[in-house]
Structure formats: structure tokens, C-alpha cells
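One-letter residues, chain by chain:
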Amino acid sequence: IGVLYQRLNDLENAQDYNIKALKMAEDLGLKDNIANISGNMALVFTKQKNYIQAIEYAQQSLQLSKQSGNKKLTAWALYETGDAYLTMCQDTSVDKNRSISTGEKATGRYRFSGTAGLPQVSIPIGRAARLRLALDNLRQAIALAKRTQIFDVIQPCYKDLAEVYRLTGDYKNALDASDN
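Remember, predicted model here, so these are calculated numbers, not experimental data.

(A) A look at the overall build of the chain. In terms of regular secondary structure, the chain is built from nine helices and two strands. Starting at the N terminus and walking to the C terminus, you meet the elements of the chain as α-α-α-α-α-α-β-β-α-α-α. Relative to its full complement of 180 residues, the chain shows a buried share of 48%. A sequence separation of at least 24 residues applies to 54% of the contacts in the chain between residues at least 6 apart. Accessible surface, the chain: about 9400 Å² in total, of which carbon and sulfur atoms supply 50%.

What follows is the structure, encoded as C-alpha cells:
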């Protein structure tokens, strides 16, 4: 139900239903379901511009899908992580308003303790570093998806990859990625 609300762009209901589904999956110990729902939560939080929680949920999805050996969920979690970093870079209010400035600026990263039960994340301050993380995650997702023939994740990855290249001024690779 959460995914349906997400597709309708009703993000508040999407979040509510995903949280309920996540609680049920956790109660039943269904790790693949937890990974999948966590990935859905990452996408919702990205759309809500809550990038820290988006990355936390994407990292939880990645961690659980790797543990279970589920390559499809792993590829999607890598995409969701890359997408959150890319969207954060596209949001000009992030650095101007210091919307992620609750961490340790001296280290060049913002550190977060992690939302209840989610992995701790450390977000780079600089836009270039976040773009590198987006690029790394998207490349890994594409490589895994190609190796394992998980074709549904490839198109959104290439779309984001083209945008990362465009934002870094690498227009040749942006065109190559948009051709895929």
C-alpha cells in the first residue's frame, strides 16, 4: 500500500504504510522484506528532502540484502543510496541553509548517530564528495545488475548516472550514460 501512495506522490501516507509494513516484517523476522521496505522508505525520504533518513534506510536495505545474498535488492539499495546523494546535490538549499549541519564540520563530514536501529551515516560536507558517492553507488548498482541480469534497475541508474556526470561537467560520459 505504501508503494501505491508513493506512486501517487502522497508521501505522508506512503511513509505511514511503509512504517507499518516495516514493523510487521521486523516482527516476523523477514529480512528480505525489511530490506525491500527500507529501500522504499529511502525513496520516500529522498522525495521529502530528508536525505539523512533516506541514506540511513538505503544503507539498512543494502546491509540486509547483502547479508541475505539477494542481488536484486542489493542492486536497488545501491541505486537508492546513489539517488539520495544525487538528489541531495541537486537541492541547493542543503548547503546554503545548513540543513544537514548538525554534525562535526571540522572533519569535513557531518556525522549522525543513526535513527533508532538504522546504520550510522556520515555525510560529506562538500558537494563534490557527495557526487562521488552517488557515482560510486550507481556504478556498483549497474555492474551488479548487468552481471545478474536485473534489468529493471539499470534504466533508473543510467538516468541518475547521466545527471551526476552532467553536474560534474563530464558531458561526454553524461551523453554516453543517457544513451543506455
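(B) The environment of I154, seen in detail. Structurally, the position occupied by I154 is in helix 8 (residues 154–167). Since its relative accessible area comes to 12%, I154 is described here as buried. Separated by 78 residues in sequence, I154 and W76 have C-alpha atoms that sit 9.3 Å apart.

(C) Representation of the packing of helix 3 (residues 31–47) against helix 5 (residues 71–90). Two elements in contact, helix 3 and helix 5, have axes whose closest approach is 10 Å; the angle formed by their N-to-C orientations is 20 degrees. Classified by the angle their axes make, helix 3 and helix 5 are roughly parallel. When the axes of helix 3 and helix 5 are compared, the crossing they make is left-handed. On helix 5, the residues that touch D32, A35, N36, G39, N40, A42, L43 and T46 of helix 3 are L73, Y79, E80, D83, A84 and T87. In terms of residue class, the contact of helix 3 with helix 5 is made up of six nonpolar, five polar and three charged.

Reading the values: the criteria
Residue positions are counted from 1 within each chain, in the order its sequence is given. Given that the model is predicted, a residue must reach a pLDDT of at least 70 before its local features are reported, and side-chain atom pairs must reach 80 or more before they are shown or counted; all residues, however, enter totals for whole chains, interfaces and linings. Values reported for side chains reflect all heavy atoms of the structure, with hydrogen atoms and water molecules removed beforehand. Strands are runs of DSSP state E lasting at least 2 residues, helices are runs of H or I lasting at least 4, and numbering of each runs from the N terminus. When accessible area is computed with a 1.4 Å probe and restricted to protein chains, residues below 20% of their type maximum are described as buried, those above 50% as exposed, and intermediate ones as partly exposed. Any two residues whose heavy atoms approach within 4.5 Å at even a single point are treated as in contact. In short, Shrake-Rupley with a 1.4 Å probe defines the accessible areas, and a residue's cover is counted only from the protein chains shown. Here an axis means a line fitted to C-alpha atoms, over the contact stretch when the element is a helix, while the angle between two N-to-C directions is reported on a 0 to 180 degree scale. Should an angle fall under 35 degrees it is called roughly parallel, over 145 degrees roughly antiparallel, and 65 to 115 degrees roughly perpendicular, with every other angle called oblique. Take the far helix as your reference; a near helix turned counterclockwise from it by less than a right angle gives a left-handed crossing, and one turned clockwise gives a right-handed crossing. Three residue categories are used. Nonpolar comprises Ala, Val, Leu, Ile, Met, Phe, Trp, Tyr, Cys and Pro, charged comprises Asp, Glu, Lys and Arg, and polar comprises the others, including Gly.

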